[in-house]
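Overview (structure and organization)
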Amino acid sequence: MALTVADIITDPEVYSARRPAARTRILPVRAERRVRVGDMIVLEFENEQTLRYQVQEMVYAERLHSPSEVAHEIEIYSRLLPSSHALTATVLIELDVAEAVRSELERLAGVQHSIRLEIDGVPAPAEEIPGPDEDPDVPGPTVSVHMLRFPLDDSARDAFRDPAVPVELVVDHPAYNEATPITGATRISLIADLALRG
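The notes below deal with the structure included here. (Residues numbered from 1 in each chain as written. Predicted model: local features only at pLDDT ≥ 70, side-chain atom pairs only at ≥ 80, totals over all residues. Heavy atoms only, no water.)

Let us now look at the packing of aromatic side chains. The relation between two aromatic rings is expressed through the spacing of the ring centres and the mutual angle of the planes. Per the stated rule, a full pass over the model turns up two aromatic pairs. Centroid distance F45 to F150: 6.0 Å. Interplanar angle 35 degrees. Geometry classified as tilted. Placement of the pair is F45 in strand β2 (residues 41–45) and F150 in strand β7 (residues 145–151), with a sequence separation of 105 residues. On the accessibility criterion, F45 (1% relative accessible area) is buried. Looking at R63, its charged tip hangs above the ring of Y60, at a distance of 4.6 Å from the centre. Positioned above the aromatic ring of F160 is the side chain of R187, whose terminal nitrogen or guanidinium carbon lies 4.9 Å from the ring centre. (Phe/Tyr/Trp six-rings, centres within 6.5 Å; stacked < 30°, edge-to-face > 60°. Helix = DSSP H or I, 4+ residues; strand = E, 2+ residues; numbered from the N terminus. Buried < 20%, exposed > 50% of the residue type's maximum accessible area, 1.4 Å probe, protein only. Lys NZ or Arg CZ within 6 Å of the ring centre and 35° of its normal.)

Below, the structure is given as structure tokens:
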């Protein structure tokens with residue numbers, strides 16, 4: 001990510017004054033990159049703008065000051081940066097009734113492994129991005145937030161970048177089976193993520 005410690009404001013008073021404007025700038029970006037699949041699952045596709053905002057918000061919320069602490073946050077969020085052959089997203093399981101959270105998450109166990117893109121009918125399964133303290137070889141529990149990467153080979157990438165090719169976001173889980181097309185401004189925004197980089 002083209003983000004350095006020097007780009008992040010560590011003085012909470014300074015950022016507090018700028019925070020409303022930063023939020024106003026990022027809200028339409030995040031809305032454009034948000035895809036709802038059914039009534040409970042939302043994917044927010046990440047890019048440099050969204051990740052920069054999240055790093056800044058984390059530094060502000062945690063009152064981080066030291067360059068090493070800020071660098072650590074940048075490193076964590078940089079894992080979610082898309083590339084020329086991969087899209088990335090934060091998965092949110094939205095549950096309205098607090099009392100039902102545990103039972104619903106148990107019902108949806110493993111749903112993070114049941115998400116894929118279908119590009120002209122060809123599946124491109126998501127891979128979970130484990131947390132920095134998680135062992136990628138040890139399956140973690142299903143919680144309300146997960147991070148995913150959608151790796152694409154050359155053929156899938158090129159097809160995704162053609163707006164005439166249909167693309168769907170699919171959740172195919174025994175307890176939750178839904179699909180949503182990716183079109184319009186969202187598709188254009190994600191196509192930009194897959195630009196070849198030098």
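Another aspect to go through is the packing of helix α1 (residues 12–32) against helix α2 (residues 48–62). Contact pair α1 / α2: the axes reach a minimum separation of 10 Å and the direction vectors enclose 150 degrees. Between α1 and α2, the angle is such that the two are roughly antiparallel. When the axes of α1 and α2 are compared, the crossing they make is left-handed. Contacts from P12, Y15, S16, R19, A22, R23, I26, V29 and R30 of α1 reach α2 at Q49, T50, Y53, Q56, E57 and Y60. For the contact of α1 with α2, the class distribution of residues is seven nonpolar, four polar and four charged. (Axes fitted to C-alpha atoms, helices over the stretch in contact; angles between N-to-C directions. Parallel < 35°, antiparallel > 145°, perpendicular 65-115°, else oblique. Left-handed = near helix turned anticlockwise from the far one by under 90°. Contact = heavy atoms within 4.5 Å. Nonpolar A, V, L, I, M, F, W, Y, C, P; charged D, E, K, R; others polar.)

So, about the sheet that holds strand β1 (residues 34–37). With respect to topology, five strands assemble into an open sheet ordered β1-β2-β3-β7-β6, the strand pairing being antiparallel. Either end of the sheet is taken by a strand with one partner, and the two such strands are β1 and β6 (127–128). Of the strand pairs in this sheet, β1 and β2 are connected by four bridges, and their pairing is antiparallel. Residue pairing in the sheet places R36 in a bridge with V42 of β2. (Pairing = 2+ DSSP bridges.)

Right, let's get into the layout of surface pockets. Volume-wise, the second largest pocket comes out at about 320 Å³. If you trace the second largest pocket, you find 14 residues lining it, with A22, R25, R52, Y53 and Q56 closest to the centre. Breaking the lining of the second largest pocket down by element, the ones donating at least two residues are α1 and α2. Broken down by element, the residue count for the lining of the second largest pocket peaks at seven residues, all from α1. (1 Å grid on protein atoms, 1.4 Å probe; cavity = no way out; pocket = protein on both sides within 12 Å on 5 of 7 lines; lining within 4 Å. Points joined across faces, edges and corners; volume = space filled by probe spheres on them.)

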